[in-house]
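Here's the letter readout for the chains.
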Amino acid sequence: MTTTMEHAETTMLPAASLAGLMKNYADYNLWANATLATWLRTKPADLLEKELPSSYPGIKATIVHIWQTQRYWLSVISGQEQELYDPFDGTAAEAICALVEQSDAFADHIKLLTEENIADEQEVISPWFRCNFQNLEYVMHAMNHSTYHRGQIITMCRQLGFTDAPMTDYLFYNIHGR
């Protein structure tokens with residue numbers, strides 16, 4: 001009989017490089033956002049547009065924030081001009097699509113990074129702060145930021161009576177999503 005610990009040991013991944021971990025984390029983010037998007041597309045469009053109390057005033061606004069923040073951090077990591085936030089007046093469906101497309105672009109870019117690239121430092125001078133960290137710190141921040149706001153979306157959906165939210169935890173992805 002296999003114990004839980006024995007099973008865990010047999011399913012563990014070999015030691016990974018930092019670049020490999022960041023690639024997995026970006027792939028996880030894409031999977032989690034795509035999973036959330038698939039679920040949200042089954043919900044009434046008018047409720048996705050409804051204002052609700054949270055960090056951002058509703059599901060659509062939170063999706064736009066996640067998408068544009070990921071876009072910003074990708075511009076930093078890729079050494080491009082830092083893309084700030086744009087006004088968005090599209091639909092929730094368009095925002096959901098843009099989020100998944102941006103998450104895919106982020107994951108694709110991270111796949112191109114070497115160990116040296118992921119360790120490179122990028123200076124950020126923004127309207128909100130100034131810092132100089134390694135790209136891996138920015139990747140971790142961007143993906144963690146998205147996770148934080150996905151949780152808020154789930155909470156807003158619970159306020160609307162939706163109790164069938166998908167599981168999008170990182171460990172769940174590593175077990176079932178890859």
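See the structure printed just above.
Being a predicted model, the structure only gives us computed values, none of them experimental.

Visitor: I'd like to hear about the environment of I59, residue by residue, with values.
Guide: Along the chain, I59 falls in helix α4 (residues 59–77). I59 gets classed as buried once you look at its relative accessible area, which sits at 0%. Taking the C-alpha atoms as reference, I59 lies 15 Å from T69; in sequence the two are 10 residues apart. Leaving out residues up to four positions away in the same chain, I59 has contacts with L40, L47, L48, K50, L52, I153, M156, C157 and L160.

Visitor: Which residues make up the environment of F162, and what are the values?
Guide: Within the secondary structure, F162 sits in the loop between α7 (135–159) and α8 (170–177). Here F162 falls in the buried class, since its relative accessible area comes to 12%. As for F162 and E81, which are separated by 81 residues in sequence, their C-alpha atoms are 40 Å apart. Contact partners of F162, with chain neighbours within four places excluded, come to W39, K43, P44, L47 and C157.

Visitor: Which residues make up the pairing of strand β2 (residues 130–134), and what values go with them?
Guide: With five bridges connecting them, strand β1 (residues 121–125) and β2 associate as antiparallel partners. Residue I125 lies in a different strand from β2, and its bridge partner there is R130. Once β1 ends, the chain turns through four residues before running back antiparallel as β2.

Visitor: Hey, could you go over the nonpolar core for me, with residue numbers and the actual values?
Guide: The nonpolar side chains of a soluble globular protein tend to be buried, and buried together. Counting residues in hydrophobic clusters, the biggest one holds 48 residues, and the most contacted among them are L40, I59, F106 and I153. Among the secondary structure elements, those contributing two or more residues to this core are α2 (18–40), α4, α5 (92–111) and α7. No other element matches the 12 residues that α2 contributes to this core. When near neighbours in sequence (up to four residues on either side) are disregarded, F106 contacts A26, Q70, W73, L74, I77, V139, A142 and M143.

Visitor: For the packing of α2 against α8, give the residues involved together with the corresponding values.
Guide: Contact geometry for α2 and α8: axes closest at 10 Å, N-to-C directions at 90°. By the criterion of interaxial angle, the relationship of α2 to α8 is roughly perpendicular. Contacts between α2 and α8 involve N24, Y25, D27, Y28 and W31 from the former and Y170, F172, Y173, N174 and G177 from the latter.

What counts as what
- Residues numbered from 1 in each chain as written.
- Predicted model: local features only at pLDDT ≥ 70, side-chain atom pairs only at ≥ 80, totals over all residues.
- Heavy atoms only, no water.
- Helix = DSSP H or I, 4+ residues; strand = E, 2+ residues; numbered from the N terminus.
- Buried < 20%, exposed > 50% of the residue type's maximum accessible area, 1.4 Å probe, protein only.
- Contact = heavy atoms within 4.5 Å.
- Pairing = 2+ DSSP bridges.
- Core = buried A, V, L, I, M, F, W, Y, C linked by side-chain atoms within 4.5 Å.
- Axes fitted to C-alpha atoms, helices over the stretch in contact; angles between N-to-C directions.
- Parallel < 35°, antiparallel > 145°, perpendicular 65-115°, else oblique.

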